[in-house]
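# Topology and contacts: notes
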Amino acid sequence: MKLGFIAVAFAGVILASCASAPKSETSTGTMPAAAKTVERETIDYKGSVTNQPIPEWVNYAIDGDKAAIAKTGDFEGKILFIADRQGKNQNALKSWVNNVDIKGGMSKALSDFVIAKFGGEAQGSPDEKESWDSFMKEMTSTFSKVEVNGMIREKDYWIEQRIHDKVAKTTEDIYTYFVLYSIDKEVFKNQLDEALGLVEAKNEKQAEAKTRVEAGILEAQVFGESK
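Anyway, here's the lowdown on the structure attached to this text. Each chain has its residues counted from 1, running along the sequence as written. Local features in this predicted model are restricted to residues whose pLDDT is 70 or higher, and side-chain atom pairs enter the listing and the counts only when it is 80 or higher, whereas totals over whole chains, interfaces and linings include all residues. By convention in this description, side-chain values take in all heavy atoms of the structure and omit both hydrogens and water.

Helix and strand labels come from DSSP, where a helix needs a run of H or I of at least four residues and a strand needs a run of E of at least two; each type is numbered from the N terminus. Helix and strand content of the protein: 6 helices and 6 strands. Secondary structure elements of the protein occur, N-terminal to C-terminal, as β-β-α-β-α-α-α-β-β-α-α-β. Here the protein, with 227 residues, has 43% of them falling under the buried criterion. Partly exposed describes any residue whose relative accessible area lies between the buried limit of under 20% and the exposed limit of over 50%, with all areas from a 1.4 Å probe on protein chains only and scaled to the type maximum.

Attention now goes to the pairing of strand β3 (residues 78-87). Of all 10 residues making up β3, 8 are buried, and the element is well covered by its neighbours. In this description, strands pair whenever DSSP reports at least two bridges between them. Relative to strand β5 (residues 170-184), β3 runs antiparallel, the two sharing 10 bridges. Considered in β5, the bridge of Ala83 is made with Val179.

Another aspect to go through is unusual backbone geometry. In this model, Val148 sits at a positive phi of 50°, which is unusual for a non-glycine residue. Structurally, Val148 can be placed in the loop between α4 (126-141) and β4 (152-165). What makes Val148 buried here is its relative accessible area of 7%. The residue Lys169 is not glycine, and still its phi comes out positive at about 60°.

Let us now look at the nonpolar core. Only buried residues count toward a nonpolar core, which is a set of Ala, Val, Leu, Ile, Met, Phe, Trp, Tyr and Cys residues joined through side-chain atoms within 4.5 Å. In this structure, Phe81, Met106, Phe143, Phe188, Ile217 and Phe223 are the most contacted members of the largest nonpolar core, which totals 37 residues. Elements supplying a minimum of two residues to this core: β3, α2 (90-97), α3 (102-118), α4, β5, α5 (185-196) and α6 (204-220). If you tally residues by element for this core, the top one is α3, at 6 residues. Core analysis: the next-biggest nonpolar cluster, separate from the first, contains 16 residues, Ala70, Phe75, Tyr157 and Phe178 among them.

Below, the discussion takes up the packing of α3 against α4. Angle between the axes and distance between the axes are the two parameters that describe a pair of packed helices. Lines are fitted to the C-alpha atoms to define the axes, a helix being fitted only along its stretch in contact, and any angle between axes, read from their N-to-C directions, falls within 0 to 180 degrees. At a minimum axis distance of 10 Å, the contact between α3 and α4 shows a crossing angle of 155°. The pairing of α3 with α4 is recorded here as roughly antiparallel in orientation. Crossing handedness for the pair α3 and α4: right-handed. Taken together, the residues of α4 that come into contact with α3 (itself represented by Ser111, Val114, Ile115 and Phe118) are Trp132, Met136 and Thr140. For the contact of α3 with α4, the class distribution of residues is 5 nonpolar, 2 polar and no charged. For this classification, under 35 degrees means roughly parallel, over 145 means roughly antiparallel, 65 to 115 means roughly perpendicular, and everything else is oblique. Left-handed describes a crossing whose near helix is turned anticlockwise from the far helix by less than a right angle; the clockwise case is right-handed. Any two residues having at least one pair of non-hydrogen atoms within 4.5 Å are treated as being in contact. When residue character is reported, Ala, Val, Leu, Ile, Met, Phe, Trp, Tyr, Cys and Pro are called nonpolar, Asp, Glu, Lys and Arg charged, and the others, Gly included, polar.

Here we come to the packing of aromatic side chains. Note on aromatic pairs: the rings of Phe, Tyr and Trp (six-membered ring only in Trp) are paired at centre separations within 6.5 Å, and the planes decide the class, stacked below 30 degrees, edge-to-face beyond 60, tilted for the rest. In the structure shown here, the tally under the stated rule is 4 aromatic pairs. On the basis of an interplanar angle of 50° and a centroid distance of 5.8 Å, the ring pair of Trp132 and Phe135 is categorised as tilted. Of this pair, Trp132 and Phe135 both sit in helix α4, 3 residues apart, which is roughly one turn of that helix. Phe135 carries the same exposure label as Trp132, and that label is buried. Between Trp158 and Tyr177, the ring centres sit 6.3 Å apart and the planes meet at 20°, which makes this aromatic pair stacked.

Right, let's get into the packing of α3 against α6. Contact geometry of α3 with α6 gives a least axis separation of 11 Å together with a crossing angle of 115°. For the pair α3 and α6, the sense of crossing is right-handed. Residues Leu110, Phe113, Val114 and Phe118 of α3 lie in contact with α6, whose contacting residues are Arg212, Val213, Gly216, Ile217 and Ala220. Class assignment of the residues belonging to the contact of α3 with α6 gives a composition of 7 nonpolar, 1 polar and 1 charged.

Right, let's get into the environment of Ile54. Looking at the element boundaries, Ile54 is found in the loop between β2 (38-45) and α1 (56-63). Overall, Ile54 belongs to the buried group, its relative accessible area being 4%. Along the sequence, Ile54 and Ile159 sit 105 residues apart, while their C-alpha atoms lie 9.1 Å from each other.

Next comes the structure, spelled out in structure tokens:
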């Protein structure tokens, strides 16, 4: 399966939708200026035939707020991994959902998270900074050894949008598929402990960093990747 552990940047995360019916709106917020000229209209989604509302976790995923998924109350005591893909070929996307590389995806998501949160802490002499960078590289490389045994596919969902580019004067219909995995937090912690145990801390700062890295990962709870 192709995904990674929960990892997760989110590619199609600038989509717009409503909780019960399609709508259109112009991209705003922190998107690049060019994106404000693109209008995205939700034209179909999983469950639309029976008029089912778009799930809360999907709306958070669409908005790019993956951390909020853990706050829905449906995933207490779990570590989550979410991924998405976009395209025009719905059959290819259906195949992707069933072949996610959960281990590889989660490994990359954990590495990206740790580098982003702790990678810039190097201080002191050039040798000290080099030592820190080497330590971070060694630590993130161990995430490939996290087996994510016990991770299950919780949910999957899809949404179709009609994208109007006012500058290019083009219109195209794009599908975005989401898949959400979970693993019990204690089970995951045991596997994470085992992986981090392979990293030798050479000084007090590095030993303390290992503790903070694990705490940061468990606190983050939701990881994601996208292409």
